[in-house]
Amino acid sequence: MCGTADWAWKTFTRGMQPLYMDPYDGTFFNIGGTINNAQYIALRRAMGHTLSYANRMDMQKAVPNMTLCSTTFCLVNTASTTNDEYFVYAPNGGNFTVDLSNTTGGTVSSEWFNATTFAATSAANVTGGNTTTFTPPFSGAAVLYLKQIITDTENPQVTITAPTDGA
């Protein structure tokens, strides 16, 4: 009860499934509430967007990793030599680093998601194989989704499609 959008993103990147008991009508525990509470609307939307990213990722191989990104909120799939994925949450925005040392032999596509306005933006590709500094193109809480692009003939190229705000 009484969660925030920040809680939803942090919970997701730590590999947990956020469960939320919505007090929208205020009848449970007599806490009062309204379905139009801005905090709870943002939380519901954040949970919908975490689901959207979960549906795009290989969640069977994704694990939380507090050391590969300087924000400590990182869900990573580096279980194979291709198709690496990094989902990073930066609660305060600003510059942060992601260690892409395990992701070699290809380009990594990147996508920003503004955790406040719920807008996704494709960004420039980066090269794996080292630690890279990222800066969101907006202020405030940010999500960065990185996915290795496969360029060999046996595997088609992976493209990123920004999620719609269907939350």
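Before any of the text, the structure's been laid out above.
Residues numbered from 1 in each chain as written. Predicted model: local features only at pLDDT ≥ 70, side-chain atom pairs only at ≥ 80, totals over all residues. Heavy atoms only, no water.

### So, the sheet that holds strand E2 (residues 74-77)
Hydrogen bonds between backbone groups are what pair the strands of a sheet, and the pairing can be parallel or antiparallel. Taking strand neighbours across the sheet as the criterion, the six strands line up as E1-E2-E3-E8-E5-E6 in an open arrangement whose pairing is antiparallel. The open sheet is flanked by strand E1 (63-64) and strand E6 (119-127), the only strands paired with a single partner. Note that E1 and E2 share two bridges and pair antiparallel. Pairing of Val-63 across the sheet is with Val-76, part of E2. (Pairing = 2+ DSSP bridges. Helix = DSSP H or I, 4+ residues; strand = E, 2+ residues; numbered from the N terminus.)

### Some words on the nonpolar core
Nonpolar side chains in soluble globular proteins generally cluster together in the buried interior. Among the nonpolar cores identified, the biggest contains 20 residues, and Trp-9, Met-57, Phe-87 and Tyr-89 are the most heavily contacted of them. Of all the secondary-structure elements, those providing two or more residues to this core are helix H1 (5-13), helix H2 (38-56), strand E3 (85-90) and strand E8 (142-149). Residues contacting Phe-87, with those up to four places away along its chain left out, are Trp-9, Phe-12, Thr-13, Tyr-53, Met-57, Phe-73, Cys-74, Leu-75, Val-143, Leu-144 and Tyr-145. The next biggest cluster of nonpolar side chains, apart from the first, holds 18 residues, and it includes Cys-69, Tyr-86, Leu-100 and Trp-112. (Core = buried A, V, L, I, M, F, W, Y, C linked by side-chain atoms within 4.5 Å. Buried < 20%, exposed > 50% of the residue type's maximum accessible area, 1.4 Å probe, protein only. Contact = heavy atoms within 4.5 Å.)

### A few points about H1
Among the residues of H1, Ala-5, Ala-8, Trp-9, Thr-11, Phe-12 and Thr-13 are the ones counted as buried. Close packing links the buried residues of H1 with H2, E1, E2, E3, strand E5 (107-114) and E8. Of the residues trailing H1, Gly-15 is marked for its positive phi of about 80°.

### Describing the pairing of strand E4 (residues 96-99)
The two faces of E4 differ: Phe-96 and Val-98 on one face are buried, but Thr-97 and Asp-99 on the other face are not. By the bridge criterion, four bridges tie E4 to strand E7 (residues 131-134) in an arrangement that is antiparallel. Among the inter-strand pairings, Phe-96 is bridged to a residue of E7, identified as Phe-134.

### Concerning the packing of H1 against H2
Packing of H1 against H2 leaves a shortest axis separation of 7 Å and a crossing angle of 25°. What the angle tells us is that H1 and H2 run roughly parallel. Considering only the axes of H1 and H2, their crossing is right-handed. Contact residues: H1 offers Ala-5, Trp-7, Ala-8, Trp-9 and Phe-12, while H2 offers Ala-42, Leu-43, Ala-46, Met-47, His-49, Thr-50, Tyr-53 and Ala-54. Taken together, the residues of the contact of H1 with H2 break down into eleven nonpolar, two polar and no charged. (Axes fitted to C-alpha atoms, helices over the stretch in contact; angles between N-to-C directions. Parallel < 35°, antiparallel > 145°, perpendicular 65-115°, else oblique. Left-handed = near helix turned anticlockwise from the far one by under 90°. Nonpolar A, V, L, I, M, F, W, Y, C, P; charged D, E, K, R; others polar.)

### Some thoughts on the pattern of salt bridges
Scanning the entire structure with this criterion turns up four salt bridges. The shortest N-O distance in the salt bridge between Asp-58 and Lys-61 comes to 3.8 Å. Overall, the relative accessible area of 27% leaves Asp-58 in the partly exposed class. For Lys-61, a relative accessible area of 41% puts it in the partly exposed group. (Salt bridge = Lys/Arg side-chain N within 4 Å of Asp/Glu carboxyl O.)

### Description of H2
In this model, H2 (19 residues) spans 27 Å end to end at C-alpha, consistent with the 27 Å of a helix rising 1.5 Å per residue. Of all the residues in H2, the buried ones are Tyr-40, Leu-43, Ala-46, His-49, Thr-50, Tyr-53 and Ala-54. Buried residues in H2 make contact with H1, E3, E5 and E8. (Expected span 1.5 Å × (residues − 1).)

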